[in-house]
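# Chain and residue survey
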Amino acid sequence: MSREDHWNESAVCRVGDPDELFVVGSPGQNRAKAVCRGCPVRTECLTEALDNRIEFGVWGGMTERERRALLRRRPNVISWRQVFEDARHEQGQPKAS
């Protein structure tokens, strides 16, 4: 199985209080986003939220408002996983495994 299938097992937020990621207001959301900054599976988390149109919480360092704005800017994207894989390839990074 690939990293994309079990990314949540490596998530930094896994050891914290999950309610901290589902807060209202900028101060709480900024604290939640700070947890994401050093997470090794940030991209996989964000992909999960974007591909599944998850409406609530901070995922991959983005709030629901930020994700909605991104989805509006890129309405034709079918697979965010593919978008991020293509970006990694363009930057010369190895494919996530």
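This text follows the structure it describes.
Below is a short write-up of the structure. Here the structure is a predicted model, which is why all the values come from computation and not from measurement.

This part covers the side chain of Arg 67. By the secondary structure assignment, Arg 67 is in helix α3 (residues 64-73). For Arg 67, which is buried and forms no salt bridge, the nearest opposite charge comes from Glu 64, at a distance of 4.7 Å. Setting aside anything within four residues of it in sequence, one finds Arg 67 in contact with Leu 46, Ala 49, Leu 50, Ile 54, Glu 55, Phe 56, Gly 57, Val 58, Trp 59 and Met 62.

Our focus in this paragraph is the side chain of Glu 64. Examined against the element boundaries, Glu 64 turns out to sit in helix α3. A distance of 3.2 Å separates a polar atom in the side chain of Glu 64 from the backbone nitrogen of Gly 57. Leave out the neighbours within four places in its chain, and Glu 64 touches Gln 29, Glu 55, Phe 56 and Gly 57.

In this model, helix α1 (residues 26-37) (12 residues) spans 16 Å end to end at C-alpha, consistent with the 16 Å of a helix rising 1.5 Å per residue. Looking at α1, one finds that the buried residues are Gly 28, Gln 29, Ala 32, Lys 33 and Cys 36. Down the axis of α1, the sector holding all buried residues measures 135°, keeping them to one side. With respect to the buried face of α1, the exposed residues turned more than 90 degrees away are Pro 27, Arg 31 and Arg 37. Contact partners of the buried residues in α1: α2 (42-51) and α3.

Reading guide: rules and limits
- Residues numbered from 1 in each chain as written.
- Predicted model: local features only at pLDDT ≥ 70, side-chain atom pairs only at ≥ 80, totals over all residues.
- Heavy atoms only, no water.
- Helix = DSSP H or I, 4+ residues; strand = E, 2+ residues; numbered from the N terminus.
- Buried < 20%, exposed > 50% of the residue type's maximum accessible area, 1.4 Å probe, protein only.
- Lys, Arg positive; Asp, Glu negative; His and termini not counted.
- Salt bridge = Lys/Arg side-chain N within 4 Å of Asp/Glu carboxyl O.
- Contact = heavy atoms within 4.5 Å.
- Polar contact = N/O pair within 3.5 Å; in protein donor to acceptor, adjacent residues only side chain to side chain.
- Expected span 1.5 Å × (residues − 1).
- Arc of directions from axis to C-beta.

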